[in-house]
Amino acid sequence: MNGDRTLLMNAGAFACVVAMLGIANLVCRFVLHTDVVFLMPWLVAATGLYFFLPALMLWLITGRPSGS
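Remember, predicted model here, so these are calculated numbers, not experimental data. Along each chain, residues carry numbers from 1 onward, in the same order as the chain's sequence is written. Side-chain atom pairs in this predicted model are given and counted only at pLDDT of 80 or more, local residue features only at pLDDT of at least 70, and totals for whole chains, interfaces and linings cover all residues. Water and hydrogen atoms play no part in the side-chain values, which are based on all heavy atoms of the structure.

Okay, the overall build of the protein next. Numbering goes from the N terminus for both helices and strands, where a helix is a DSSP run of H or I of at least four residues and a strand is a run of E of at least two. When helices and strands are counted, the protein shows 2 helices and 0 strands. Here the globule rule is a power law, 2.2 Å times the number of residues to the power 0.38, and the radius of gyration is based on C-alpha atoms. Radius of gyration (C-alpha) of the protein: 15 Å, far over the 11 Å computed for a compact globule of 68 residues. Overall, the C-alpha framework of the protein stretches about 50 × 15 × 15 Å when taken along its three principal axes. Looking at the 68 residues of the protein, the share that counts as buried comes to 21%. Any two residues whose heavy atoms approach within 4.5 Å are treated as being in contact. In the protein, once contacts between residues fewer than 6 apart in sequence are set aside, the share between residues at least 24 apart is 62%. In these tables, accessible area is a Shrake-Rupley quantity obtained with a 1.4 Å probe, and a residue counts as shielded only by the protein chains included in the view. For the protein, the exposed surface amounts to about 4900 Å²; the carbon and sulfur share of it is 77%. Note on classification: 1.4 Å probe, protein chains only; a residue is buried when its accessible area is under 20% of the maximum for its type, exposed when over 50%, partly exposed between these limits.

Moving on: the environment of Val31. With respect to the helices and strands, Val31 occurs in the loop between helix 1 (7-30) and helix 2 (40-62). For Val31, a relative accessible area of 57% translates into the label exposed. For the pair formed by Val31 and Met9, sequence separation is 22 residues and the distance between their alpha carbons is 32 Å.

This next bit is on the environment of Val44. Relative to the helices and strands, Val44 resides in helix 2. For Val44 and Ala11, which are 33 residues apart along the polypeptide, the C-alpha to C-alpha distance reads 13 Å.

This part is about helix 2. For helix 2, with 23 residues, the first-to-last C-alpha span of 33 Å sits near the 33 Å given by 1.5 Å per residue. The quantity called bend is, for any residue, the angle between two axes fitted respectively to the seven residues ending at it and the seven beginning at it. The largest bend in helix 2 comes to about 35 degrees, at Phe52, with the proline Pro54 one to four residues further on. Tucked inside the fold, the buried residues of helix 2 contact helix 1. Positive phi shows up at Gly63, right after helix 2, with a value of about 90 degrees. For a helix, the expected span equals 1.5 Å multiplied by the residue count minus one.

All right, on to the packing of aromatic side chains then. Ring pairs are drawn from Phe, Tyr and Trp, using the six-membered ring of Trp, whenever the two centres fall within 6.5 Å, and their geometry is named by plane angle: stacked under 30 degrees, edge-to-face over 60, tilted for the rest. The final tally for this structure, using the stated rule, is 2 aromatic pairs. For the ring pair Tyr50 and Phe51, a centre distance of 5.1 Å and an interplane angle of 80 degrees mean the geometry is edge-to-face. Relative accessible area serves as the criterion here: at 53%, Tyr50 is assigned to the exposed category. Here Phe51 falls in the buried class, since its relative accessible area comes to 9%.

Have a look at this one:
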């Protein structure tokens, strides 16, 4: 379910995806002249749920966030 990712790996991947979302926001704003700021909170929340909800569920069920 979590692909044997540790909590630190999930946090690192989350940080990378949020950085890419920020770069995409800058490209949209300054290159494409499109404002997508209203989407950013939803995208960051969805990214957080994608990376941390499975780990939280495994932590509650098995006692370990990686499920092993």
